[in-house]
Amino acid sequence: MPDTATALHELSATQAARLIRSQELSPVELVEALLARASSVDPRVQAWVTLDPERALVAARAAEGAVTAGAALGPLHGVPFGAKDIFDSEGLPTAAGFKPYASRVPTRDAEPIVRLKKAGAILLGKMVTTQFAYADPSRTRNPWDDSRTPGGSSSGSAAGVAARLIPFALGSQTAGSVLRPAAYNGVVGLKPTYGRVSKRGVLPLAWSLDHVGVLARSVSDCALFLAAVAGHDPEDPASVPSVIAEPLPPMNLDAPRAAAPRLGVVREALQISTDRLREHTLKVASQFEAAGAQVSEVSLGESLDLILAVQHVTMQTELATVHWQLLEQYPGSHQPRLRANIEVGRLVPGVVYLHAQRLRRRIREAMRRSLDGIDALLLPTAVDVAPGRETTGDTSLQAPFSLVGFPSLSLPSGVLESEGLPLATQLVALPWQEATLLQTARWCEAQLPLMPAPPAFA
């Protein structure tokens, strides 16, 4: 068993997997502990939509039996996880916060859930999303301060991981919906390269921008997740064949990095951040430099206003294409921001959308050049700490990398003492360079103080 001073709900995915493999932890005890945690904590956080205790316990007993029998074990064997409620899950409702879908029960799992289960992970239930993963706030509370937003759209996934309801959870990002909630809740968020992870069985928002990602409590947890789910899916048109995508090499994040990373601080990001986030990011960069990193200032190569305009046109047009028939079928069921942007997206001329895609290619190449000679871009994850609950927050510093499909990661990097809210730093690498991104993030993580649980939920 783990040290008695460590409650089971405090275990990260990496820690839990190791303890289960060494027979120091029972998967059944871990599932039972997390179900008890949900009962006591979730009424305040409201991160879960649906729990599936019966099937989770059946899977946990099977996992325990496999360990006892000496069977081959997957890298996440016996570790529970949550899934944002846009991921289809066999036998459980997948409603995406949309009342007409309340009784929608898929007959098969989304491909990321299939792959996590093959790796031995146990689905504990579905987590709150904003409606169809868009910008209207959800009911979930930020566990650091319930007057603040947990962000969106992966609000339940991020808040649930922060409040120690689950070790890791599936999320998705179309503009900033993995990294921003990670930043606001003080957890790690990873958005892989577009096409690296299958989206089959995930309800779409905007096809060419949607990414599957993860919310977790360490960089090592993100690496375990990615190793389990990455790879070509011939049934997903957006999935990139392995002959195009660079393979994901084995990542031994326990081993020390051979050399400190080369980091480029993004000038445009500092210019639009609040003074306190700018100061924090420069302080973090200086801390990394003192530890041996090579730090320089870089530019994205194109105006941030142009980048965000192209992302906005792309998202609104694709959003309208995906959802306008539902809007007509179920009038009055869409939340205000989502409904308004579907209506606006229907008015965007095709020539404007196509021009945006030409500019998108130009922006992607400019960003590639900004990474010449460095391992990762470094910038604030968000322009400020979590704002009030009337919003899900500003996407300006996450959306550029969703537009171009580059892998990005949000790393907790401190707490703003005056308000008791998490601060976060973003790292971005070239497409298919997740190994470099995760190794760089692991090095950076080691230089930073360990992020505590939110005080009320420690």
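Procedures and definitions
Residues numbered from 1 in each chain as written. Predicted model: local features only at pLDDT ≥ 70, side-chain atom pairs only at ≥ 80, totals over all residues. Heavy atoms only, no water. Buried < 20%, exposed > 50% of the residue type's maximum accessible area, 1.4 Å probe, protein only. Helix = DSSP H or I, 4+ residues; strand = E, 2+ residues; numbered from the N terminus. Contact = heavy atoms within 4.5 Å. Expected span 1.5 Å × (residues − 1). Pairing = 2+ DSSP bridges. Axes fitted to C-alpha atoms, helices over the stretch in contact; angles between N-to-C directions.

Novice: Quick question: what am I supposed to make of helix α4 (residues 111-118) here?
Specialist: In an α-helix, one full turn covers 3.6 residues, which means residues spaced three or four apart are oriented alike. Buried within α4 are the following residues: Glu111, Pro112, Ile113, Arg115 and Leu116. Here the buried face of α4 lies against β2 (80-84), β3 (122-127), β4 (168-173), β6 (211-216) and α7 (219-229). Just downstream of α4, Gly120 is the residue with a positive phi angle, here 100°.

Novice: Is there a simple way to think about helix α3 (residues 53-68) in this case?
Specialist: Between the first and last C-alpha of α3 there are 22 Å, a value that for 16 residues agrees with the 22 Å anticipated at 1.5 Å per step. Along α3, the positions that sit buried rather than exposed are Ala56, Leu57, Ala60, Ala63, Ala66 and Val67. Turning to α3, the residues buried within the fold contact α1 (13-21), α2 (27-45) and β3. Gly70 sits one or two positions beyond α3 and adopts a positive phi of about 75°.

Novice: Please explain the sheet that holds β6 as it appears in this structure.
Specialist: Strand pairing in a sheet takes place through backbone hydrogen bonds and is either antiparallel or parallel in direction. Read across the sheet, 11 strands follow the order β1-β3-β2-β4-β6-β5-β10-β11-β9-β7-β8 without closing on themselves; strand pairing throughout is mixed. Looking along the sheet, the strands with just one partner apiece sit at the ends: β1 (48-51) and β8 (294-298). Averaged over all adjacent pairs, the angle separating strand axes in this sheet is 30°, with direction ignored. Relative to β3, β2 runs parallel, the two being bridged by 5 bridges.

Novice: Explain the pairing of strand β9 (residues 376-380) here, please?
Specialist: A regular strand carries its side chains on alternate faces of the sheet. With 5 of 5 residues buried, β9 is to be regarded as a mostly interior element. The pairing of strand β7 (residues 262-266) with β9 spans 3 bridges and is parallel. By the bridge assignment for β9, Leu263 is matched with Ala376. Across 4 bridges, the pairing between β9 and strand β11 (residues 421-428) is antiparallel. Residue pairing in the sheet places Leu377 in a bridge with Val428 of β11.

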